[in-house]
There are 2 protein chains.
Amino acid sequence: MQSFEQLLQAFNASFEKEHFPAQPASLYQPAQYFLSIGGKRVRPVSVLMGNELFDEIAPDSWQVATAIELFHNFTLIHDDIMDKAPLRRGMETVHSRYGEPTALLAGDVMLVVAYDYLNKVHSPHLQKLIRIFNDTAKAVCEGQQLDMDFEKQPTVSMADYLHMITLKTSVLLAASLQMGAVLGGASEGNQQHIYAFGKNLGIAFQVQDDYLDAFGDPQKFGKQVGGDILANKKTFLLIKALETASAADGARLQELLHTQPADKVAQVLAIYRRAGVDEWARTLKAEYDAKALQHLEAIAVVNRRKAPLQELAAFLLQREY
Amino acid sequence: MQSFEQLLQAFNASFEKEHFPAQPASLYQPAQYFLSIGGKRVRPVSVLMGNELFDEIAPDSWQVATAIELFHNFTLIHDDIMDKAPLRRGMETVHSRYGEPTALLAGDVMLVVAYDYLNKVHSPHLQKLIRIFNDTAKAVCEGQQLDMDFEKQPTVSMADYLHMITLKTSVLLAASLQMGAVLGGASEGNQQHIYAFGKNLGIAFQVQDDYLDAFGDPQKFGKQVGGDILANKKTFLLIKALETASAADGARLQELLHTQPADKVAQVLAIYRRAGVDEWARTLKAEYDAKALQHLEAIAVVNRRKAPLQELAAFLLQREY
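A brief look at the structure comes next. Here the structure is a predicted model, which means the values were calculated and not measured.

**Notes on the relation of the copies chain B and chain A**
- With an axial shift of 0.0 Å and an RMSD of 0.0 Å, the rotation relating chain B to chain A amounts to 180°. What the rotation and shift describe, once combined, is the action of a two-fold rotation axis.
- A share of 100% of the interface residues of chain B reappears at the interface of chain A, consistent with the copies meeting face to face through the same patch.

Laid out in structure tokens, this is it:
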């Protein structure tokens, strides 16, 4: 059994190569540029971990892991166009560096190359793997569309927000683990458990992300605290606060969503605290974390094989052991 | 053996359904809207014809034909964004009707659904079919990028232009026929011949398209004659004229590319005629047409099975028999 760190190093070594033909460089160089920006590579490593939970890592898993990482990067390139984001990880986005038409095409071709890697699999489960991949890809597109829709709506219900965030961010982690499990020869029941582990872990991570953006230690969090508040972004916290704040605080919060006073972040945080949204978010994260671990627990393999996935959950959710 | 018209009717009947889930409608309704605009459906029918050249049409062919048509529509949605085109076939493009972010995503999800159809195939040749599909998809993206690159360059060589147009418009027709042939159990050699038939036919069609835009009968052609000239679009004709016109005409042509006099179309056409570009284009089209038919001839099946493909070539190239 290998740890997340060990598998990450191995994946990075295998991923660090040219994934595209040399010509036309005007198309493929922008695609390769974006991959060079780097990333946490949590999803491809999850493929390997999903496989190793059940059996030795099959050669096919490296192809699937690469396909998953290319798919993820395709979505980021296109999301950046849609969000008109100038930077990602402090580097220029593809469209700000090469223009929107090229960024659009570089994303398209990256998705096709993802399918190329998937199609290299020798597993008799190829069609099932493609089906999981396609279902996930559609879900991610749906999540992105719902996210854009919600930003235009005055209010969004918690159920709708949770559905959106699940599609946009959790199903890809879940599917990565499941695809690894398929290659590891897992039963359908065990596949469903590892999928549910990934889905709940993804949601817990997103709750934490929203929480840290508002209440995190700026030094540890590594980015500006209150960014979501300044951008009036719909988050778990904002939606909950709009549901539960007192009448006066609710009205004040609505007003703050349409103005940018100098102390906006402090004012919104005070409302969040009075509504108990900070405590609520910590509890919600713990609930999804617990659900994830229950599903991991339910998987019918010996406990020591599960250690790397327990560590992954701890790493992502910054729990103390 | 069925004619193009018969297969077109059958394909249209099978294609006329919802290809997407109902929700979220904000994503899938724009995708379905674009399909409702219609099209010539030459590529999916070519899948069926490529199959029937060798054997009875396999059920798998309908899935592949649908995948090809969805792929083609995905490229059109994204091309329209890149070209900032307001209309297609007289109807609003997806991005002018629903905004660029939604058009981008609707294209993305349409490509994924194309892979869904491809993945429904029961053929033992699934991986080969996906490989042909992927190689073609990459080529089409490359062609679109080169097309955008060339529009920014002052001059383009005929060889480069031919390479671009082959990628952008011919390989999809060629691959459609080949994928049908794979499903019809064709040998590798026969697959290569039908691929070459489609590729040369596609180039001949593109030469004709450029020719008709300049020299066509506006009534028969169905669109404004001289549109390419007014848009300074690089075409077979313009590139050849820049290569072969007299020094004086070449200089005048360069000047016309940077101005829009009222009689621009007439002036450019006069230069084209003096350079003999009209006659040259008719000959070039005939050469590619002949090459296409030689490859069709070389396919090792009885002649009467080839009649529908001969008719398709005649239909696309408006030859008289």
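**With respect to the side chain of Asp147(B)**
- Among the secondary structure elements, Asp147(B) is positioned in helix α7 (residues 126–152).
- Classification of Asp147(B) by relative accessible area gives buried; the value is 14%.

**So, the packing of aromatic side chains**
- Across all of its chains, the model carries 21 aromatic pairs over all chains by this definition.
- Both rings, one in Phe215(A) and one in Tyr272(A), keep their centres 6.4 Å apart while their planes meet at 55°; by these two values the pair is tilted. Of the two residues, Phe215(A) is situated in helix α9 (residues 188–215) and Tyr272(A) in helix α14 (residues 264–274); the sequence distance between them amounts to 57 residues. Of the two residues examined, Phe215(A) and Tyr272(A), each falls in the buried class.
- Measuring from centroid to centroid gives 5.1 Å for Phe11(B) and Phe15(B), while their planes differ by 25°, and the two rings are stacked. Here the residue Phe11(B) and the residue Phe15(B) both occupy positions in helix α1 (residues 4–15), the gap between them amounting to four residues, near one helical turn.
- Residue Phe15(B) is classed as buried on the basis of its relative accessible area of 5%.
- Ring pairing ties together the aromatic residues Phe71(A), Phe74(A), Tyr115(A), Phe133(A), Phe71(B), Phe74(B), Tyr115(B) and Phe133(B), which thus form one cluster.

**A few points about the packing of helix α9 (residues 188–215) of chain B against helix α15 (residues 277–298) of chain B**
All names here are of chain B.
- As a packed pair, α9 and α15 sit with axes 8 Å apart at the nearest point and diverge in direction by 160°. By the angle between their axes, α9 is roughly antiparallel relative to α15. Of the two possible hands of crossing, α9 and α15 adopt the one that is left-handed.
- Here the residues of the contact of α9 with α15 sort into 15 nonpolar, five polar and five charged.

Reading guide: rules and limits
- Residues numbered from 1 in each chain as written.
- Chains lettered and ligands numbered in written order.
- Predicted model: local features only at pLDDT ≥ 70, side-chain atom pairs only at ≥ 80, totals over all residues.
- Heavy atoms only, no water.
- Least-squares fit on C-alpha atoms with pLDDT ≥ 70 in both.
- Contact = heavy atoms within 4.5 Å.
- Helix = DSSP H or I, 4+ residues; strand = E, 2+ residues; numbered from the N terminus.
- Buried < 20%, exposed > 50% of the residue type's maximum accessible area, 1.4 Å probe, protein only.
- Phe/Tyr/Trp six-rings, centres within 6.5 Å; stacked < 30°, edge-to-face > 60°.
- Axes fitted to C-alpha atoms, helices over the stretch in contact; angles between N-to-C directions.
- Parallel < 35°, antiparallel > 145°, perpendicular 65-115°, else oblique.
- Left-handed = near helix turned anticlockwise from the far one by under 90°.
- Nonpolar A, V, L, I, M, F, W, Y, C, P; charged D, E, K, R; others polar.

So yeah, pure geometry; function would need other evidence.
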